[in-house]
Amino acid sequence: MRRSELVRTFVLNGIADDYENLEQITKQVDGLSAGCGMTIQSSEILEALGDLVGAGLAKAYRLSSSEPEEICKMPAASEIGSPYLTTANDIYFLVTTKGMDLQLSPKKDWPFDENNLLRRDWAPPKN
């Protein structure tokens, strides 16, 4: 598995159960990546979100109104904001049915075992 694929998998995992904004996604990805000795940059997370939205595995939403409003394409980075802002942004992401099917499929390259411990036979991607 390439690094970019692992980042996409971590991001997909982060949006699999609820609407999540960039700050929430970053916290979840940081936790997973730290658990396997990696550091993932926010630019990699944004790229992964764009790839997931583009592939129909995730959708972007604006949650500022009473009902989620789907955004038809990946919002610009300036709209999404920074994971380090102190004010909440109203752009959120959620997995699609297609993305959930992928997320639930077996992954031989997933770094963690069934107890969420780093697998002994796992090595970080080289690229």
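Residues numbered from 1 in each chain as written. Predicted model: local features only at pLDDT ≥ 70, side-chain atom pairs only at ≥ 80, totals over all residues. Heavy atoms only, no water.

Engineer: Got a sec to walk through the environment of Pro68? Specific residues and values, please.
Structural biologist: Residue position: Pro68 is located in the loop between strand E1 (58–62) and strand E2 (69–71). Accessibility expressed as a relative area gives 39% for Pro68, which makes it partly exposed. Among residues more than four places away in sequence, those in contact with Pro68 are Tyr19, Tyr61, Arg62 and Leu63. (Helix = DSSP H or I, 4+ residues; strand = E, 2+ residues; numbered from the N terminus. Buried < 20%, exposed > 50% of the residue type's maximum accessible area, 1.4 Å probe, protein only. Contact = heavy atoms within 4.5 Å.)

Engineer: Summarise the sheet that holds E2; cite the residues concerned and give the values.
Structural biologist: One open sheet accounts for three strands, arranged E2-E1-E3; its pairing is antiparallel. Here the strands that pair on one side only, and so sit at the sheet edges, are E2 and strand E3 (91–95). On average, each strand axis in the sheet is tilted by 40 degrees relative to the strand beside it, whichever way the strands run. As judged from the five bridges shared by E1 and E3, these two strands associate in the antiparallel manner. Note on E3: the bridge partner recorded for Arg62 is Ile91. (Pairing = 2+ DSSP bridges. Axes fitted to C-alpha atoms, helices over the stretch in contact; angles between N-to-C directions.)

Engineer: Let's hear about the nonpolar core: which residues, and what values?
Structural biologist: Membership of the largest hydrophobic core comes to 30 residues, with the highest contact counts inside it found for Phe10, Val11, Ile25, Ile45 and Phe93. Mapped by element, the contributors of at least two residues to this core are helix H1 (3–14), helix H2 (22–35), helix H3 (42–54), E1 and E3. Leaving out residues up to four positions away in the same chain, Phe10 has contacts with Val29, Leu32, Ser33, Cys36, Ile40, Trp110, Pro111 and Phe112. (Core = buried A, V, L, I, M, F, W, Y, C linked by side-chain atoms within 4.5 Å.)

Engineer: Explain H2 residue by residue, including any values.
Structural biologist: End to end, H2 covers 20 Å across 14 residues, agreeing with the expected 20 Å (1.5 Å per residue, within 8%). Within H2 the residues assigned to the buried category are Leu22, Ile25, Thr26, Val29, Leu32 and Ser33. Projection of H2 onto a plane perpendicular to its axis shows the buried side chains occupying an angular sector of 135 degrees, all on one side. H2 presents Lys27 and Ala34 as exposed residues on the side facing more than 90 degrees away from its buried surface. Where H2 is buried, its residues touch H1, H3, helix H4 (77–80) and E3. For H2, the capping residue at the N-terminal end is Asn21, with a side-chain oxygen 3.2 Å from the backbone nitrogen of Glu23. With its phi angle positive at about 75 degrees, Gly37 sits one or two positions after the end of H2. (Expected span 1.5 Å × (residues − 1). Arc of directions from axis to C-beta. Polar contact = N/O pair within 3.5 Å; in protein donor to acceptor, adjacent residues only side chain to side chain.)

Engineer: Mind laying out the packing of H1 against helix H5 (residues 97–104), listing which residues take part and the relevant values?
Structural biologist: Where H1 contacts H5, the axes come no closer than 10 Å and their chain directions differ by 115 degrees. Considered as vectors, H1 and H5 are oriented roughly perpendicular to each other. The handedness of the crossing between H1 and H5 is left-handed. Each of Thr9, Leu12 and Asn13 in H1 lies in contact with H5, whose residues at this interface are Gly99, Leu102 and Gln103. For the contact of H1 with H5, the per-class residue count stands at two nonpolar, four polar and no charged. (Parallel < 35°, antiparallel > 145°, perpendicular 65-115°, else oblique. Left-handed = near helix turned anticlockwise from the far one by under 90°. Nonpolar A, V, L, I, M, F, W, Y, C, P; charged D, E, K, R; others polar.)

Everything listed here is a matter of geometry and, on its own, says nothing about what the molecule does.
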